[in-house]
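Residues per chain are reported as follows:
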Amino acid sequence: MAGKERRRATTVGVMGHDMPFATMLAGVELPFHSALAIPHLHHVTVPGPTGVPVSDVRTTAANAVVEMLGASVEPGMSVAVGAGSRGLTDRVAMLAGTVDGLHRLGAKPFLVPAMGSHGGGTADGQREVLTGYGITEEAVGAEIRSTMETVEVARTADGMPMFLDANAAAADRILPVNRIKPHTCFEGPVESGLTKMAVVGFGKQSGAAQIHACGPDRMRSLLLEGIDALRRSGRLLGGVATIENGAGQVVNVEALLPQHFGADRESALTDVARTYVPHLPFAHIDVLIVEQVGKDISGVGLDPNVTGRYWVNGLEGDSTVATIVVLGLTPDSHGNALGIGLADFTTVEVASQIDWHKTYLNCFTAGPAGVRRSRLPMVLPTEDDAIKAALSMCGQPITALKKVVRIRSTLHLTDMWVSDALLPEVPGR
């Protein structure tokens, strides 16, 4: 599409012409519309591991930095603190606390967006993502420096170059701040957390693309090889990690040294985080209705660890969900709808919010894992139409009682809404 004006997000190309979704669907007859009724849904609370929430995340983060990293920080040392694009709970407090701790040690911290290609792959776009989360210089007490330029700072044992954000590369050390949780494409000793931000997020588009291009099977080992190269370069100060429970509360804040990355401690935290991943507690679901998907919820918007739909080579998944309906895209996604392809049905309103430039850039950066996840599901005029379409195509007779679940997102599953057919299966009822 080089040299051509990008199509507006509210239209699709039809035989060379732009046409609004609503216009395209105006004359489409929906044969299932009169034959189906959306079942009544009951609000239920599903129990799960909760842990003890951290009462003061900012102070806890600051103290962890001082206690764990104090011996590694010299007065005047410049530290590039990584801030990502995920919707972490208490993200501002986490970053502010990290900055507080570094200031107490006499360091000179500043923030960099460590988010690969997110934010449309531009410096202003990545700064906008942080601002949308309330991550500003005033809120965290440190300057934010945003660029998409990278510098090669190391090489793996096999010769793969490791890139860092140019501002981060100019600092004495880097320090990622991230939530630890299972990854959406692979299983390994470490998945989504400090190692991934250091190797992928800090590498911007070029660094993230080369890691993802190798596919999920190779990615699990590349993360370990990459962090080893960064560790040997002497640029890694440490990191600050959180773990969240199924209700989205921070239950652990911990600072890690370089030797903990990709190794025993981060691996142990990954195992702990895995126990908090929310699950759909039903053997089979005919229709799963998801109110919102987005990059702030999961790297692919619709977390495969919840739905069972991975759809990447080597990890197809074992989903118990027949059909998935998506009703919304979070504002903090800024139009990036990577992962929308994991759904079966959505609405005109959702489709019109998609920024295909941002979505496809993220898809290309994600490599083979992004191909099926960036496809557009069937688009219906309204929410009721999308839900009825799913009911009609879930593989059950029209007159059968359908097993329907509605959730806010795949990030928080302590509260959900279920149909009559699933009430006997609700845990702890």
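None of the values given here were measured: they were computed from a predicted structure. (Residues numbered from 1 in each chain as written. Predicted model: local features only at pLDDT ≥ 70, side-chain atom pairs only at ≥ 80, totals over all residues. Heavy atoms only, no water.)

Draft legend 1. Looking closely at the packing of aromatic side chains. Taken as a whole and judged by the stated rule, the model has one aromatic pair. Judged by centre distance (5.2 Å) and plane angle (45°), the rings of Trp 356 and Tyr 360 are tilted. Note that Trp 356 and Tyr 360 are positioned in helix H13 (residues 356-366) at a spacing of four residues, about one turn of the helix. In this structure, Arg 145 packs its charged tip against the face of Phe 110, placed 3.8 Å from the ring centre. (Phe/Tyr/Trp six-rings, centres within 6.5 Å; stacked < 30°, edge-to-face > 60°. Helix = DSSP H or I, 4+ residues; strand = E, 2+ residues; numbered from the N terminus. Lys NZ or Arg CZ within 6 Å of the ring centre and 35° of its normal.)

Draft legend 2. Geometry of unusual backbone geometry. At Asp 90, a position not held by glycine, the phi torsion is positive, near 55°. With respect to the helices and strands, Asp 90 occurs in the loop between strand E4 (78-83) and helix H3 (91-104). The class for Asp 90 is partly exposed, based on a relative accessible area of 40%. Although it is not a glycine, Lys 204 sits at a positive phi angle of roughly 60°. Considering the arrangement of structural elements, one finds Lys 204 in helix H8 (residues 204-212). (Buried < 20%, exposed > 50% of the residue type's maximum accessible area, 1.4 Å probe, protein only.)

Draft legend 3. Representation of the packing of helix H2 (residues 57-69) against H3 within the structure. Taken N-terminus to C-terminus, the directions of H2 and H3 make an angle of 40°; their axes are 7 Å apart at the nearest point. Note that H2 runs across H3; the crossing there is right-handed. Side by side, H2 and H3 meet where Val 57, Arg 58, Ala 61, Ala 62, Asn 63, Val 65 and Val 66 of the first sit next to Ala 93, Met 94, Ala 96, Gly 97, Thr 98, Asp 100, Gly 101, Leu 102 and Arg 104 of the second. When grouped by side-chain class, the residues that make up the contact of H2 with H3 number nine nonpolar, four polar and three charged. (Axes fitted to C-alpha atoms, helices over the stretch in contact; angles between N-to-C directions. Left-handed = near helix turned anticlockwise from the far one by under 90°. Contact = heavy atoms within 4.5 Å. Nonpolar A, V, L, I, M, F, W, Y, C, P; charged D, E, K, R; others polar.)

Draft legend 4. Local environment of the pattern of salt bridges. Under the counting rule described, the total for this entry stands at 13 salt bridges. Asp 303 is paired through a salt bridge with Lys 181; the nearest N and O atoms lie 3.2 Å apart. Pair noted here: Asp 303 is in the loop between strand E11 (285-290) and helix H11 (304-307) and Lys 181 is in the loop between strand E8 (173-179) and helix H7 (194-199), with a separation of 122 residues, a long-range link. One salt bridge connects Asp 271 with Arg 274, and the closest N-O pair in it is separated by 2.9 Å. One end of the pair is Asp 271 and the other is Arg 274, both in helix H10 (residues 264-276) and three residues apart, which spans about a single turn. For Arg 274, a relative accessible area of 33% puts it in the partly exposed group. Sharing partners across several salt bridges, the network here consists of Asp 228, Arg 231 and Arg 232. (Salt bridge = Lys/Arg side-chain N within 4 Å of Asp/Glu carboxyl O.)

Draft legend 5. Quick look at the sheet that holds E8. The strand order across the open sheet built from five strands is E5-E4-E8-E9-E10, with neighbouring strands paired in mixed fashion. Strands at the two margins of the open sheet, each flanked by one partner only, are strand E5 (108-113) and strand E10 (250-256). Direction aside, the axes of adjacent strands within the sheet are offset by 20° on average. When strand E9 (residues 239-244) meets E10, the two strands line up antiparallel, connected through six bridges. Bridge pairing in E10 links Thr 242 to Val 253. Contacts from H2 reach E8, E9 and E10 within the one sheet, and its direction differs from that of E10 by about 25°. Strands in contact with H3 are E4, E5, E8, E9 and E10; relative to E4, the strand with the most contacts, it is inclined by about 170°. (Pairing = 2+ DSSP bridges.)

Keep in mind these values describe shape, not function.
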